[in-house]
Amino acid sequence: QADGKIIVGGDFTQFNGAARNRIARLNADGSLDPAFNPGAGADQLIRSIALQSDGKIIIGGDLTSYGGIACGGIARLNADGSLDTSFDPGTGADGSVYTTTLQPNGKVLVGGVFPGFNGTSLRNLVRLNSDGSLDPSFDPGTGPDLAVNAICIQPDGKILVSGNFRTYNGVVRPHLLRLNEDGGRDATYLPAGKGAAD
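Here the structure is a predicted model, which means the values were calculated and not measured.

Enquirer: How would you sum up a negative patch on the surface? Please name residues and give values.
Expert: A cluster of acidic residues, Asp139, Asp156, Glu181 and Asp182, forms a negative patch at the surface. Mapped onto the secondary structure, Glu181 falls in the segment after strand E17 (176-179). With relative accessibility at 47%, the residue Glu181 sits in the partly exposed group.

As structure tokens, this is what we get:
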């Protein structure tokens, strides 16, 4: 965090003897920060943490609840570790979230391995508005056929995506591709050895 404190997530149920279900905050010296109290915390593994500029925290993973409240793989926390109920992704991911990446405009790119998101057929890659709702302006088509493990935003707004996938929206693009801001594939981007642009 900007103040030097560190958010840690994983599959633990204690940190240095204190009950902390899969998330904790440490002071700069590594000691547990008691001001960050997640309560019951996450019920399953946290795989990804993204910090907003306002101090709120996006978490993603295998969790189906946080603090006893249902969530589908993704949630937003207040700076004190409590669940931010103003962020509502509905039923969320029908699977696991591997990565969460914040865009400068506050939207959230979510990747992982899930066959649908909040009742839609969108799979493995979606973008959320800052309130957690699906962003319909981001259209990946049929999306990546397998897991998305990492997402990176370029300075020009284009989006690098990597993972175990072999195709994106029906076009062969193994493991690495670049998207335009609207989720469409950037056909000009070809990693070395991947053939000619289409």
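Here the narrative resumes, following the displayed structure.
Enquirer: A description of the nonpolar core should follow, citing residues and the corresponding values.
Expert: One finds Ile23, Ile59, Leu63, Tyr66 and Leu77 to be the most contacted residues of the largest nonpolar core, which totals 13 residues. At the level of elements, strand E6 (57-61) and strand E9 (74-77) are the ones that each hand at least two residues to this core. Sequence-distant contacts of Leu63, defined by excluding residues within four places in its chain, comprise Ala42, Asp43, Gln44, Leu45, Ile46, Cys71, Gly72 and Gly73.

Enquirer: Give me the lowdown on the pairing of E9, citing residues and values where you can.
Expert: Covered by surrounding structure in E9 are Ile74 and Arg76 together with Ala75 and Leu77, the residues of both alternating faces. Inspection of the sheet shows E6 paired to E9 by four bridges, in the antiparallel sense. Paired with Ile59 across the two strands is Ala75, which belongs to E9.

Enquirer: Before we move on, can you summarise the pairing of E6 with the specific residues and values?
Expert: Taken across its five residues, E6 has five buried, putting it largely inside the fold. In E6, alternate side chains face the same way, and those of Ile57, Ile59 and Gly61 on one face and Ile58 and Gly60 on the other are all buried. Across five bridges, strand E5 (residues 46-51) lies against E6 in antiparallel orientation. Of the residues in E6, the one forming a bridge with Ala50 is Ile58. Count of turn residues in the E5/E6 antiparallel hairpin: five residues, of which Gly55 carries a positive phi of about 95°.

Enquirer: Which residues make up the packing of aromatic side chains, and what are the values?
Expert: Using the criterion set out here, one finds two aromatic pairs in the structure. Judged by centre distance (6.4 Å) and plane angle (65°), the ring pair of Phe12 and Phe15 falls under edge-to-face.

Enquirer: Could you give an account of the sheet that holds strand E10 (residues 96-102), with specific residues and numbers?
Expert: Read across the sheet, three strands follow the order E10-E11-E12 without closing on themselves; strand pairing throughout is antiparallel. Because the sheet does not close on itself, it has two edges, and the strands there are E10 and strand E12 (125-128). Averaged over all pairs of adjacent strands, the angle between strand axes in this sheet comes to 25°, irrespective of strand direction. Here E10 pairs with strand E11 (residues 108-113) via six bridges, running antiparallel. Looking across to E11, one finds that Ser96 is bridged to Val113.

Enquirer: Could you give me a rundown of the sheet that holds strand E13 (residues 148-153), with the residues and numbers involved?
Expert: The strand order E13-E14-E17 describes an open sheet built from three strands, whose pairing is antiparallel. The sheet is open, and its two edges are formed by E13 and E17, each paired on a single side. On average, each strand axis in the sheet is inclined to that of its neighbour by 20°, with strand direction left out of account.

What counts as what
Residues numbered from 1 in each chain as written. Predicted model: local features only at pLDDT ≥ 70, side-chain atom pairs only at ≥ 80, totals over all residues. Heavy atoms only, no water. Patch = residues over 30% accessible without salt bridge, like charges linked within 9 Å, V, L, I, M, F, W, Y side chains within 5 Å. Areas by Shrake-Rupley, 256 points an atom, 1.4 Å probe, with all protein chains shown as cover. Salt bridge = Lys/Arg side-chain N within 4 Å of Asp/Glu carboxyl O. Lys, Arg positive; Asp, Glu negative; His and termini not counted. Charge placed at Lys NZ, Arg CZ, Asp CG, Glu CD. Helix = DSSP H or I, 4+ residues; strand = E, 2+ residues; numbered from the N terminus. Buried < 20%, exposed > 50% of the residue type's maximum accessible area, 1.4 Å probe, protein only. Core = buried A, V, L, I, M, F, W, Y, C linked by side-chain atoms within 4.5 Å. Contact = heavy atoms within 4.5 Å. Pairing = 2+ DSSP bridges. Phe/Tyr/Trp six-rings, centres within 6.5 Å; stacked < 30°, edge-to-face > 60°. Axes fitted to C-alpha atoms, helices over the stretch in contact; angles between N-to-C directions.

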